[in-house]
Protein chains: 2
Amino acid sequence: MKAEIISIGTELLLGEITDTNAAYLASQLPLLGLNLHFISTVGDNQQRLVDTLRQAWQRSDLIITTGGLGPTQDDITREAIAELLNEELTINSALAQKLQDFFRYHGLEMPSSNIKQAAVIPSAQIISNLRGTAPGWWIERDKRIIVTMPGPPSEMQLMWMEEILPKLQQKTGGTVILSRTLKTFGLSEAKVDELVSPFLSVSNPTLATYAKFDGIHLRITAKAHGISEAQELIDHREADIRGILDDYTWGVDSDTLESIVGELLIVKGLSLAIIESGTGGLLANVITNVPESSKYFRGSLVAYADEIKIAFGVDAQLISQYDAISAEVAEAMATTAREKLGAAIGIGLTEITGPTEIEGKPIGTIFIGIDNGQSRQSFARNYPGNRLQVKQRAVTSALFELRKILI
Amino acid sequence: MKAEIISIGTELLLGEITDTNAAYLASQLPLLGLNLHFISTVGDNQQRLVDTLRQAWQRSDLIITTGGLGPTQDDITREAIAELLNEELTINSALAQKLQDFFRYHGLEMPSSNIKQAAVIPSAQIISNLRGTAPGWWIERDKRIIVTMPGPPSEMQLMWMEEILPKLQQKTGGTVILSRTLKTFGLSEAKVDELVSPFLSVSNPTLATYAKFDGIHLRITAKAHGISEAQELIDHREADIRGILDDYTWGVDSDTLESIVGELLIVKGLSLAIIESGTGGLLANVITNVPESSKYFRGSLVAYADEIKIAFGVDAQLISQYDAISAEVAEAMATTAREKLGAAIGIGLTEITGPTEIEGKPIGTIFIGIDNGQSRQSFARNYPGNRLQVKQRAVTSALFELRKILI
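Residues numbered from 1 in each chain as written. Chains lettered and ligands numbered in written order. Predicted model: local features only at pLDDT ≥ 70, side-chain atom pairs only at ≥ 80, totals over all residues. Heavy atoms only, no water.

### Notes on the side chain of A:His217
All names here are of chain A. Operational definition: Under the scheme used here, helices are H or I runs from DSSP no shorter than 4 residues and strands are E runs no shorter than 2 residues, and both carry numbers assigned from the N terminus. Note on classification: 1.4 Å probe, protein chains only; a residue is buried when its accessible area is under 20% of the maximum for its type, exposed when over 50%, partly exposed between these limits. Residue contacts follow a heavy-atom distance rule, with two residues in contact if any of their heavy atoms lie within 4.5 Å.
Locating His217 in the fold gives a position in strand 11 (residues 215-224). Taking relative accessible area as the criterion, His217 reaches 9% and is therefore assigned buried. Excluding residues within four positions of it along the chain, His217 makes contact with Thr181, Leu182, Lys183, Ala208, Thr209, Tyr210 and Lys212.

### Observations concerning the confidence of the model for chain A
All names here are of chain A. Put simply, the test is: pLDDT runs from 0 to 100 and stands for how confident the predictor is about each residue.
Taken over all residues, the pLDDT of chain A has a mean of 91, while the share at 70 or more is 100%. Highest mean pLDDT in chain A belongs to strand 3 (residues 62-66) (98); lowest belongs to helix 1 (residues 10-13) (87). Across the interfaces of the predicted complex, the ipTM metric reaches 0.71, alongside a pTM of 0.73.

### Let's talk about the pairing of strand 16 (residues 365-371) of chain A
Residue and element names in this part refer to chain A. Put simply, the rule reads: Only strands that DSSP links by at least two bridges are regarded as paired with each other.
Along strand 16, seven of the seven residues are buried, which leaves the element largely enclosed by surrounding structure. Side chains Thr365, Phe367, Gly369 and Asp371 project from strand 16 onto one buried face, and the interleaved Ile366, Ile368 and Ile370 project onto a second face that is buried too. As paired elements, strand 15 (residues 345-351) and strand 16 share six bridges and run antiparallel to each other. Of the residues in strand 16, the one forming a bridge with Thr350 is Phe367. Across seven bridges, strand 16 lies against strand 17 (residues 376-382) in antiparallel orientation. Within strand 17, the position partnered with Asp371 by the bridge is Arg376. The loop that links strand 16 with its antiparallel partner strand 17 comprises four residues; one of these, Gly373, has a positive phi angle of about 95°.

### With respect to the pattern of salt bridges
Convention followed: Any Lys or Arg side-chain nitrogen located within 4 Å of an Asp or Glu carboxyl oxygen qualifies as a salt bridge.
By the definition in use, this model includes 36 salt bridges over all chains. Here B:Glu307 makes a salt bridge to A:Arg298, at a shortest N to O gap of 2.8 Å. With B:Glu307 in helix 12 (residues 306-312) and A:Arg298 in strand 14 (residues 297-303), this residue pair bridges two chains. For B:Glu307, a relative accessible area of 45% puts it in the partly exposed group.

### Notes on the sheet that holds strand 10 (residues 206-212) of chain A
Residue and element names in this part refer to chain A. This is how it is decided: Only the contacting stretch of a helix is used when fitting its axis, a line to C-alpha atoms as for every element, and angles between N-to-C directions run 0 to 180 degrees.
With respect to topology, four strands assemble into an open sheet ordered 10-11-9-12, the strand pairing being antiparallel. Strand pairing shows two members of the sheet lacking a second neighbour, strand 10 and strand 12 (249-252), which therefore form its edges. Taking the axes of each pair of neighbouring strands and ignoring which way they run, one obtains an average angle of 25° across the sheet. Sheet topology places strand 9 (residues 176-184) next to strand 12; three bridges connect them, and they run antiparallel. Bridge pairing in strand 12 places Leu182 opposite Val252. Contacting strand 9, strand 10, strand 11 and strand 12, helix 9 (residues 227-245) crosses the sheet at an angle of about 20° to strand 9.

### Remarks on helix 15 (residues 387-406) of chain B
Residues and elements named next belong to chain B. Put simply, the rule reads: To estimate the expected span of a helix, subtract one from its residue number and multiply by 1.5 Å. Think of a polar contact as two N or O atoms within 3.5 Å of one another; within protein, one of them needs to be a possible hydrogen donor and the other a possible acceptor, and neighboring residues in sequence only count if both atoms come from side chains.
Between its terminal C-alpha atoms helix 15 stretches 29 Å, which fits the 28 Å expected from 20 residues at 1.5 Å a residue. Across the 20 residues of helix 15, 14 count as buried, placing the element largely inside the fold. Measuring from the side-chain oxygen of the N-cap residue of helix 15 to the backbone nitrogen of Leu388 gives 3.2 Å; that N-cap residue is Asn386.

### Observations regarding the domain arrangement of chain A
The accessible area lost on association of the parts is a frequent measure of interface size. Selection criterion: Domain ranges listed in this record stem from an automatic or a database domain assignment.
Domain boundaries in chain A define domain 1 (2-171), domain 2 (176-252) and domain 3 (257-406). Measuring from the centre of the C-alpha atoms in domain 1 of chain A to the corresponding centre in domain 3 of chain A gives 52 Å.

Structure representation (structure tokens):
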């Protein structure tokens, strides 16, 4: 069943609001086994909306509209659908009564324009709106379904969950589409693509790669006649991929590197401290976004100026010998963090974030030092990008290496 | 000139990401006097993309695409436009060289698939991408313009600002729509609305308010027959608003609190150091997002554990007497930051970010201490919200108060 979404409202075309409704519905449709082929956004212009509806009517089985159901002249979704289907709009007396009751209940007088929200066409089944005055429509005609919902996200989502989703589930039957996302770090998207290329052309389960700020994500999507069958397909493909990318795979679905590192630290009863320079506090910030972080995170010294590293205990001679941005200094920072901030594990993180190169080392050069009390390691990395990207990648790299040491 | 946006990427149709590019571009087009009639979203499917492009070619004068310019098989925008225009894709040797140089500079080997990012059609003018490997295209043919930009928002926005916007400005001329955004902090959106209500119903310039993470923004938009006339309309309205909201207004347009504070510190030749606790490094991180920050930022101690505050020099007795989250301790942290990190100004920032209340003080309680060497002040604030919102608001409040002290 091919699905299409039409978002209606001039405010979307003026960029005054971002269309979150389309993204919400898009994320819901795969659960029903429905394939979304297009999303279109149209302003409050009846002719252009009718044209868009006509095209959707020709190429899709399910058309979902949001917006344009308000009480003002601008709201033309009802009129456009009536024109598309060549049906007549009439006032439904029960709906009109409900509208009047709604206003009376809130001690308000109903503006006369509101009566248009009680207008319906013969083939539309009325869908109640529990959070507003605009009812939705469910239309089945000529083997197609049109679902019409209001634009305010809270009204739309409630209507979707309570009314539309159950009706669509009846229509689609047992097909289930499930997804799982594997998260990797350390390889480029092109390299990941190359390594898993045999699976990219398989039609079930499908596999797609996405470049994200915390690495390359691989999304496995399976279509089956039941949840357990879909999960089995996904489990097999996950095992295939882990066989190839195990060293790089750090998480699944909603995992974040900081949540995974946090869980490992709690399980092992270890505490963590940091000295960071170019990342300017981003590593500490990301770690403390985890609600439980006070259980294991001691603190961080953001040593932007070299004198502060030295005043805190990092060997000045080491800095002048090897340069502040070096493996040796990153290791010394890790040890100082561990000792001075009283933690089981210390991380030292130093890098060149720009705007200019330093001592011939390019922007994006990163050194990570980790001292866990038994041994000390350092990692040199280089990721291209602007200042904020380099900061982010340095933090991702540090958490990724820390995870490897903890597992 | 009728404009149309096509957003390309299966991840948009799966609801994995929200299409913020379309909203950004939609908000830009009115500045050029361009009318946006449609936004379409298509997956990584060449046939459907070609169909969508063909329709756009028939009904619009300007077609802007984002996405689908990556190096993988999925990325089909170049191929689809070549098919639409019936032109041939060939590898541009200068672009290929640039790509290879990019990888070499970062010490990486270029995956062979990346070469497709150097493919162009004869009618396409190459638009350079300062933040990534995918160049854009500018095509003028048959009285139509096609603009092709990469999907990652930071790459797209820079390309738009630096390359595309100036080229489109040349093409349009005549009616100008200009906007200016005033940024305030410290009042609720409802309160700001109430104070500026007479201006909200005026049709030129229009005024709209938006609640953002760094306060309430007021957007003034004027339509006129020339830039100077539009600017004059905006200047007048800005003066009106500043007359009402002057104490709360901290910036304009692309200003950020950290960039404004940074400029003030540079002008006054002052340096800054921090001790922060519950914000976990976010204040230092935000400050160091400014490229020039190494000129004035000394560093920060992220003292998540109380013992670290004490070890670093904050009076232990003060903490036990007043509690770590108190005005007294925030002031002591400011002084310790100033003295121990060797800066002209010290900030101490402490707050309750959750998950639970501490000593009867609710989540969202914030204390800011500032010591500039001559005097010491503290500020108590409370903003409701979740962990990340409280962290953000504490940082915004601290920067807002620091700005007031510096001006």
